[in-house]
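Observations on the three-dimensional arrangement
Residue strings, one per chain:
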Amino acid sequence: MTLKVNEGVRGDWAVVSVSGEMDLVTSPALRQRVHDAVADGRRSLVLDLSDVLFCDSSGVGVLIAARRLIRSCQGRLRLILPAQGAVDGSHVNRVLGALGVRRLFECYPDVAAATDDGAQPLSA
């Protein structure tokens, strides 16, 4: 029902923290934030999804579209999908894994790792 999006900058990375639900009603707001970041010249984007409690196919669609957009401008997209988060585990991590698309994304456990150019992504 709700989606809360906060933005920040950490080094060269724009960090968008998302909490709540990513569904048909709320996903367009996240899509717009990603487009706004790219329009502002940001080419390195971190989406912190650790506080997302629910994600349906429209939310997954936004993530895939964000990946496509960032790649089209030779940018970098990283997701924060911790093993534990959003109360009982990362819901988005489970959804992406179940759909077989998690391997499309570079995933990190936290903002510090995601914005560290030397850090290795979590294995799919």
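1. Remarks on the overall build of the protein chain
Scanning the protein chain for helices and strands turns up four helices and five strands. The N-to-C order of helical and strand elements in the protein chain reads β-β-α-β-α-β-α-β-α. By residue count, 47% of the 124 residues in the protein chain fall in the buried class. The contacts of the protein chain with a sequence gap of at least 6 include a subset with a gap of at least 24, amounting to 69%. For the protein chain, the exposed area adds up to about 6,400 Å²; of that, 51% sits on carbon and sulfur atoms.

2. Regarding the nonpolar core
Counting 28 residues, the largest nonpolar core has L45, L47, L49, L63, L79 and L96 as its most contacted members. Going through the elements one at a time, β2 (13-22), α1 (27-39), β3 (44-55), α2 (57-72), β4 (76-80) and α3 (91-99) are the ones with two or more residues in this core. Counting residues in each nonpolar core, the second largest holds eight residues, with V46, I80, Y108 and A113 among its members.

3. Re the side chain of D23
Of note, D23 is situated in the loop between β2 and α1. Look at D23: it is buried, it has no salt bridge, and the nearest opposite charge is R31 at 12 Å. One polar contact links the side chain of D23 to the main-chain amide nitrogen of T26, over a distance of 3.0 Å.

4. Examining the confidence of the model for the protein chain
Across the protein chain, pLDDT averages 85, with 86% of residues at or above 70. Strand β1 (residues 3-10) is the least confidently modelled element of the protein chain, averaging 64 in pLDDT, while α2 averages 95, the highest of any element.

5. Some thoughts on the pairing of β2
Among the ten residues in β2, seven count as buried, and that is most of the element. Looking at chain direction, β2 and β3 are connected through eight bridges and run parallel. Within β3, the residue paired with S19 across the bridge is D51. In this region the chain leaves β2, passes through α1 and returns to the parallel neighbour β3; the handedness of that crossover is right-handed.

6. Re unusual backbone geometry
Its identity is not glycine, yet Q74 carries a phi of approximately 55 degrees, on the positive side. One can find Q74 in the loop between α2 and β4. Residue class for Q74 comes out exposed when judged on its relative accessible area of 69%.

7. Side note on α3
Within the span of α3, buried status applies to H91, V92, N93, V95 and L96. Buried residues belonging to α3 abut β3, α2 and β4. Note on α3: the residue one or two positions beyond its end, G100, has a positive phi of about 75 degrees.

8. Side note on the pairing of β3
Among the twelve residues in β3, nine count as buried, and that is most of the element. The pairing of β3 with β4 spans five bridges and is classified as parallel. In the strand pairing of β4, L45 is matched with L77. Read as a crossover between parallel neighbours, the route from β3 over α2 to β4 is right-handed.

Conventions used here
Residues numbered from 1 in each chain as written. Predicted model: local features only at pLDDT ≥ 70, side-chain atom pairs only at ≥ 80, totals over all residues. Heavy atoms only, no water. Helix = DSSP H or I, 4+ residues; strand = E, 2+ residues; numbered from the N terminus. Buried < 20%, exposed > 50% of the residue type's maximum accessible area, 1.4 Å probe, protein only. Contact = heavy atoms within 4.5 Å. Areas by Shrake-Rupley, 256 points an atom, 1.4 Å probe, with all protein chains shown as cover. Core = buried A, V, L, I, M, F, W, Y, C linked by side-chain atoms within 4.5 Å. Lys, Arg positive; Asp, Glu negative; His and termini not counted. Salt bridge = Lys/Arg side-chain N within 4 Å of Asp/Glu carboxyl O. Polar contact = N/O pair within 3.5 Å; in protein donor to acceptor, adjacent residues only side chain to side chain. pLDDT = per-residue confidence, 0-100. Pairing = 2+ DSSP bridges. Right-handed = clockwise from strand over helix to strand, strands pointing away.

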